[in-house]
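Each chain is listed here by its residues.
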Amino acid sequence: MTNNELYDVIFKRKSVRKYHMTQLSQDTLEQLQAYTGTLKKLDGNIKVEFTILTSEKVKGMFAIKAPHYICIYSEKKDGYLVNAGFLMQQLDLYLSAGKLGSCWLGMAKPDKEIPLTRNGLEFVIMLAFGSPEEPVHRTDKDQFKRNSLSEITSIENAEELLEPVRLAPSATNSQPWFFSGDSNEIIVSRKKLSMLKAQLLGKMNNIDTGIALCHLWLSADRQGKNVSFDFQNGQAPQGFEFMTKVKVG
Ligand SMILES: Cc1cc2nc3c(=O)[nH]c(=O)nc-3n(C[C@H](O)[C@H](O)[C@H](O)COP(=O)(O)O)c2cc1C
């Protein structure tokens, strides 16, 4: 799968919540598992592992019924949630580009018999996936329910770069991101949350930021540009929390 194929599907992808319960072929599952080893890393110092579970291994009221789920386990270092979002969104796009359905599941957990830690890494989040029993793609960009560009950025003349980022999925479609600075050096921040909301959405909004960074990387890559991330130094606008500064060039 090329970066361009991932980029193109950004404009069509959607969450798929209805699946045929037939298992995908062993070959398809092995290809997905092999693909996890090729993902672009946001932070190479954070160890992660991916594991694929079948339907009966994920239960609970928060799980969508699907034939398969892919889970990410991670070292719990600074930035691990953003990193998990960045990596798992590549899988979401990979599946969608292969005309398979997928849906992020923020609340679902593996069944009790599956440990939440593996080789010292902790379960973070999973995607449901399988053969879709509903259209796998949107046919028109208007079908995305998203904030407008002017609501998520103060950067002028960056439509082409930021439009794919605007379309990124997020938990409860919260779209917590804001992009300031300029198109060569973008400050990525996210909405500050009240204490109560932070308990509910804090983890998810970190993962959402990683998803947006994945779309930003693919967008820059499409324009033949590299991105580098500085997670330490940057000033967020009022009401927002600094997440990272992205050098595009
Ligand atoms: C981190 C994260 C967690 C999510 N959790 C769930 C979930 O538990 N159940 C669900 O049905 N959708 C879940 N979603 C899907 C979002 O609701 C969906 O991405 C958003 O509404 C935008 O719609 P779209 O993906 O169809 O473009 C989640 C998405 C993200 C990014």
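Please refer to the structure higher up on the page.
Remember, predicted model here, so these are calculated numbers, not experimental data.

1. Observations regarding the overall build of the chain
So, point 1. A tally of helices and strands in the chain yields six helices and eleven strands.
So, point 2. Against the globule reference of 18 Å for 249 residues, the chain gives a C-alpha radius of gyration of 17 Å, in line with a compact fold.
So, point 3. The buried share of the chain, taken over its 249 residues, is 52%.
So, point 4. If you take every contact in the chain between residues at least 6 apart in sequence, the share linking residues at least 24 apart comes to 73%.
So, point 5. Here the chain has roughly 12200 Å² of accessible surface; of this, 48% comes from carbon and sulfur atoms.
So, point 6. Here the chain holds 31 positive side-chain charges and 28 negative ones, and the gap between their average locations is 4 Å.

2. Section: the pairing of strand 9 (residues 185–191)
So, point 1. Within strand 9, five of the seven residues are buried, which leaves it mostly tucked inside the rest of the structure.
So, point 2. Bridging between strand 9 and strand 11 (residues 240–248) involves seven bridges; their strand directions are antiparallel. Across the sheet, residue Lys-191 finds its bridge partner in strand 11, namely Phe-240.

3. Some points on the pairing of strand 4 (residues 101–105)
So, point 1. When you tally the buried positions in strand 4, you get five out of five residues, the bulk of the element.
So, point 2. Burial along strand 4 is two-sided: the face carrying Gly-101, Cys-103 and Leu-105 and the face carrying Ser-102 and Trp-104 are both buried.

4. Digging into the site of the ligand
So, point 1. Among the 21 residues in the neighbourhood of the ligand, the closest are listed as Arg-13, Ser-15, Arg-17, Arg-138 and Arg-146.
So, point 2. Contacts to the ligand include Arg-17, whose side-chain N or O atom sits 2.7 Å from an oxygen atom.
So, point 3. Within the side chain of Arg-138, one N or O atom sits 2.9 Å away from an oxygen atom of the ligand.
So, point 4. In the complex, the protein chains occlude 85% of the 620 Å² of accessible area that the ligand would expose alone.

5. Concerning the side chain of His-215
So, point 1. Looking at the secondary structure, you find His-215 in helix 6 (residues 195–222).
So, point 2. Residue His-215 is classed as buried on the basis of its relative accessible area of 0%.
So, point 3. A polar atom in the side chain of His-215 sits 2.9 Å from the backbone oxygen of Pro-164.
So, point 4. When neighbours within four sequence positions are excluded, His-215 is seen to be in contact with Ile-10, Gln-89, Leu-93, Pro-164, Val-165, Leu-167, Ala-168 and Pro-169.

6. What to know about the sheet that holds strand 10 (residues 227–230)
So, point 1. Within the open sheet, the four strands sit side by side as 8-9-11-10. Their pairing is antiparallel. Each having just a single partner strand, strand 8 (177–182) and strand 10 make up the two edges of the open sheet. Strand-to-strand twist of the sheet, defined as the mean angle between neighbouring strand axes without regard to direction, takes the value 30°.
So, point 2. The sheet contact formed by strand 10 and strand 11 spans four bridges and is antiparallel. Opposite Asp-230, over in strand 11, you have Lys-245 as the bridge partner.

7. So, the pattern of salt bridges
So, point 1. As enumerated under the stated definition, the model contains eleven salt bridges in all.
So, point 2. Two residues, Arg-222 and Asp-8, come together in a salt bridge whose shortest N-O distance is 2.9 Å. Residue Arg-222 is found in helix 6, and its partner Asp-8 is found in helix 1 (residues 3–9); the two are separated by 214 residues along the sequence.
So, point 3. Using a relative accessible area of 36% as the deciding quantity, one classes Arg-222 as partly exposed.
So, point 4. Judged by relative accessible area, which is 37%, Asp-8 ranks as partly exposed.
So, point 5. In this structure, a network of salt bridges that share partners links the residues Lys-141, Glu-163 and Arg-166.

8. Overview of the nonpolar core
So, point 1. The biggest cluster of nonpolar side chains holds 61 residues, and the ones touching the most others in it are Met-88, Leu-91, Leu-162, Phe-179 and Ile-186.
So, point 2. Once residues lying within four places of it in the same chain are set aside, the contact partners of Met-88 are Phe-50, Ile-70, Cys-71, Ile-72, Trp-104, Ile-125, Met-126 and Leu-127.
So, point 3. Membership of the second largest hydrophobic core comes to 18 residues, among which are Tyr-19, Tyr-69, Cys-103 and Leu-105.

9. Section: the packing of helix 2 (residues 26–36) against helix 3 (residues 80–97)
So, point 1. Two numbers describe how helix 2 lies on helix 3: the axes approach to 11 Å, and their chain directions differ by 145°. For the element pair helix 2 and helix 3, the recorded crossing hand is right-handed. Contacts between helix 2 and helix 3 involve Gln-31, Leu-32, Tyr-35 and Thr-36 from the former and Gln-90, Leu-91, Tyr-94 and Leu-95 from the latter.
So, point 2. Broken down by class, the residue content of the contact of helix 2 with helix 3 amounts to five nonpolar, three polar and no charged.

The rules we used
Residues numbered from 1 in each chain as written. Predicted model: local features only at pLDDT ≥ 70, side-chain atom pairs only at ≥ 80, totals over all residues. Heavy atoms only, no water. Helix = DSSP H or I, 4+ residues; strand = E, 2+ residues; numbered from the N terminus. Rg over C-alpha atoms; globule rule 2.2 N^0.38 Å. Buried < 20%, exposed > 50% of the residue type's maximum accessible area, 1.4 Å probe, protein only. Contact = heavy atoms within 4.5 Å. Areas by Shrake-Rupley, 256 points an atom, 1.4 Å probe, with all protein chains shown as cover. Lys, Arg positive; Asp, Glu negative; His and termini not counted. Charge placed at Lys NZ, Arg CZ, Asp CG, Glu CD. Pairing = 2+ DSSP bridges. Near = heavy atom within 4 Å. Polar contact = N/O pair within 3.5 Å; in protein donor to acceptor, adjacent residues only side chain to side chain. Axes fitted to C-alpha atoms, helices over the stretch in contact; angles between N-to-C directions. Salt bridge = Lys/Arg side-chain N within 4 Å of Asp/Glu carboxyl O. Core = buried A, V, L, I, M, F, W, Y, C linked by side-chain atoms within 4.5 Å. Left-handed = near helix turned anticlockwise from the far one by under 90°. Nonpolar A, V, L, I, M, F, W, Y, C, P; charged D, E, K, R; others polar.

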